Amino acid sequence: MTSAATLPELSALFSLTGRVALVTGGSSGIGLAIATALAGAGAAVVLCSRRAAPLREACAALQSAGALQAFMQRALRGIGAK
């Protein structure tokens, strides 16, 4: 019987070290949870959100973990639309 992969092996397999992740809607809810998980996997995170106050709070949390690369307050609606 084969043993299950250990956590360090999984970390190496799914490592995002050296990658940048852009998370839209990253100031709360699922977006913030995804940003936190991506940061935990080693990614440098860029948050994008419409709401300034929650964005500042999310940025502070990720920055204290050393994972925040950049942030922008912007609605992405209509970008690239013809």
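This text gives an overview of the structure that appears in the document. Residue numbers restart at each chain and count upward from 1, following the sequence in its written direction. Selection of residues for local features in this predicted model requires a pLDDT of at least 70, selection of side-chain atom pairs for listing and counting requires 80 or more, and totals for whole chains, interfaces and linings are taken over all residues. Each side-chain value is derived from all of the structure's non-hydrogen atoms; neither hydrogens nor water enter the calculation.

### With respect to the sheet that holds strand β3 (residues 68-73)
Now for step 1: We treat two strands as partners when DSSP finds at least two bridges between them. Numbering of helices and strands runs from the N terminus; a helix is a DSSP stretch of H or I covering at least four residues, while a strand is a stretch of E covering at least two. What the three strands build is an open sheet, ordered β1-β2-β3; its pairing is parallel. Two strands close off the open sheet at either side, each with one partner strand: β1 (20-24) and β3. For this sheet, the mean inter-axis angle between neighbouring strands, taken without regard to orientation, is 15°.
Now for step 2: When checking whether two residues touch, look at their non-hydrogen atoms; a contact exists if any pair is within 4.5 Å. Whenever a helix is involved, its axis is fitted only over the stretch in contact; in every case the axis is a line through C-alpha atoms, and angles between N-to-C directions fall within 0 to 180 degrees. Sheet strands touched by helix α2 (residues 29-40): β1 and β2 (44-49). Its angle to β1, the strand with the most contacts, is close to 170°.
Now for step 3: Where helix α3 (residues 52-64) meets the sheet, its contacts fall on β2 and β3, and the angle it forms with β3 comes to roughly 180°.

### Describing the pairing of β2
Now for step 1: Remark: exposure states derive from per-residue accessible area (1.4 Å probe, protein chains only) relative to the maximum for the residue type, with buried under 20%, exposed over 50%, and partly exposed in between. Counting buried positions along β2 yields six of six residues, so the element is predominantly enclosed.
Now for step 2: Here β2 shows a buried face lined by Ala44, Val46 and Cys48 and a second buried face lined by Val45, Leu47 and Ser49.
Now for step 3: Here β1 runs beside β2; their pairing, made up of five bridges, is parallel. For valine 20, the partnering residue across the bridge sits in β2 and is alanine 44.
Now for step 4: Once the chain exits β1 it traverses α2 before rejoining the sheet at β2, and the crossover so formed is right-handed.
Now for step 5: In the sheet, β2 pairs with β3 via five bridges, with the strands oriented parallel. Bridge pairing in β3 links cysteine 48 to methionine 72.
Now for step 6: This β-α-β element, β2 to α3 to β3, shows right-handed connectivity. By convention a crossover is right-handed if, when the strands point away from the viewer, the path from the first strand over the helix to the second runs clockwise.

It is worth stressing that arrangement in space is one thing and function is another; only the former is reported here.
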